[in-house]
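Inside the fold
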Amino acid sequence: MTDPLAQLAASTLQARLRARLGHNAVSVRPYGKNLIVDLEDEGGREPVARLVGNGAGLYQPGFRNHRGGWAPLPGVGDLECAADLLADALGSFLGPL
């Protein structure tokens, strides 16, 4: 069963990213303390970014590299700040597929 707080954080992040990016092709799902950002199209979902939670309400944004691993982005912040960091750093890569 999904943690209700993690689900709320995912929903909040998804709404903020959709508002910042101007489209609904991004979805967010919780994965433990992390929030995974997927791009959606008619073929399915592709994970492209994540926020790593530290358990104290702070998140480190990161992106999926070409090898399929995760690379951190600079900056740490609360959910809204981390969402803005992610959108600013990866906005052009988070466009609709």
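The structure reproduced in this document is the subject of the present report. (Residues numbered from 1 in each chain as written. Predicted model: local features only at pLDDT ≥ 70, side-chain atom pairs only at ≥ 80, totals over all residues. Heavy atoms only, no water.)

For the protein, the helix and strand inventory stands at two helices and five strands. Reading the protein from its N end, one meets helices and strands in the order α-β-β-β-β-β-α. Relative to the globule expectation of 13 Å for 97 residues, the C-alpha radius of gyration of the protein, 12 Å, shows essentially globular dimensions. The dimensions of the protein, computed from C-alpha atoms along their principal axes, are 35 × 30 × 25 Å. For the protein, the proportion of its 97 residues judged to be buried stands at 37%. Considering only residue pairs separated by 6 or more positions, the protein has 31% of its internal contacts joining residues 24 or more positions apart. When the accessible surface of the protein is split by element, carbon and sulfur atoms take 54% of a total near 5,600 Å². (Helix = DSSP H or I, 4+ residues; strand = E, 2+ residues; numbered from the N terminus. Rg over C-alpha atoms; globule rule 2.2 N^0.38 Å. Buried < 20%, exposed > 50% of the residue type's maximum accessible area, 1.4 Å probe, protein only. Contact = heavy atoms within 4.5 Å. Areas by Shrake-Rupley, 256 points an atom, 1.4 Å probe, with all protein chains shown as cover.)

This paragraph deals with the packing of helix α1 (residues 4–21) against helix α2 (residues 79–90). Helix-helix packing: each pair is described by the crossing angle between the helix axes and the interaxial distance. Running from N to C, α1 and α2 cross one another at 40 degrees; their axes reach a closest spacing of 10 Å. Our classification of the angle between α1 and α2 gives oblique. Read as a crossing pair, α1 and α2 show a hand that is right-handed. Within the contact between the two elements, α1 uses Ala9, Thr12, Leu13, Arg16, Leu17, Arg20 and Leu21 and α2 uses Leu79, Glu80, Ala83, Asp84, Leu86, Ala87 and Asp88. Residues that form the contact of α1 with α2 fall into these classes: eight nonpolar, one polar and five charged. (Axes fitted to C-alpha atoms, helices over the stretch in contact; angles between N-to-C directions. Parallel < 35°, antiparallel > 145°, perpendicular 65-115°, else oblique. Left-handed = near helix turned anticlockwise from the far one by under 90°. Nonpolar A, V, L, I, M, F, W, Y, C, P; charged D, E, K, R; others polar.)

Attention shifts here to the sheet that holds strand β1 (residues 26–31). What the five strands build is an open sheet, ordered β1-β2-β3-β4-β5; its pairing is antiparallel. Since the sheet does not close on itself, it has two edges, and those belong to β1 and β5 (70–72), each with one partner. Pairwise comparison of adjacent strand axes, ignoring direction, gives a mean angle of 35 degrees for this sheet. Relative to strand β3 (residues 44–53), strand β2 (residues 34–41) runs antiparallel, the two being bridged by eight bridges. Residue pairing for β3: Asp38 is matched across the bridge by Pro47. Where α1 meets the sheet, its contacts fall on β1, β2, β3 and β4 (59–64), and the angle it forms with β1 comes to roughly 160 degrees. Sheet strands in contact with α2 are β2, β3 and β4, and its direction is about 30 degrees off that of β4. (Pairing = 2+ DSSP bridges.)

With twelve residues, α2 should reach 16 Å at 1.5 Å per residue; the first-to-last C-alpha distance of 16 Å fits that figure. Buried residues in α2 make contact with α1, β2, β3 and β4. (Expected span 1.5 Å × (residues − 1).)

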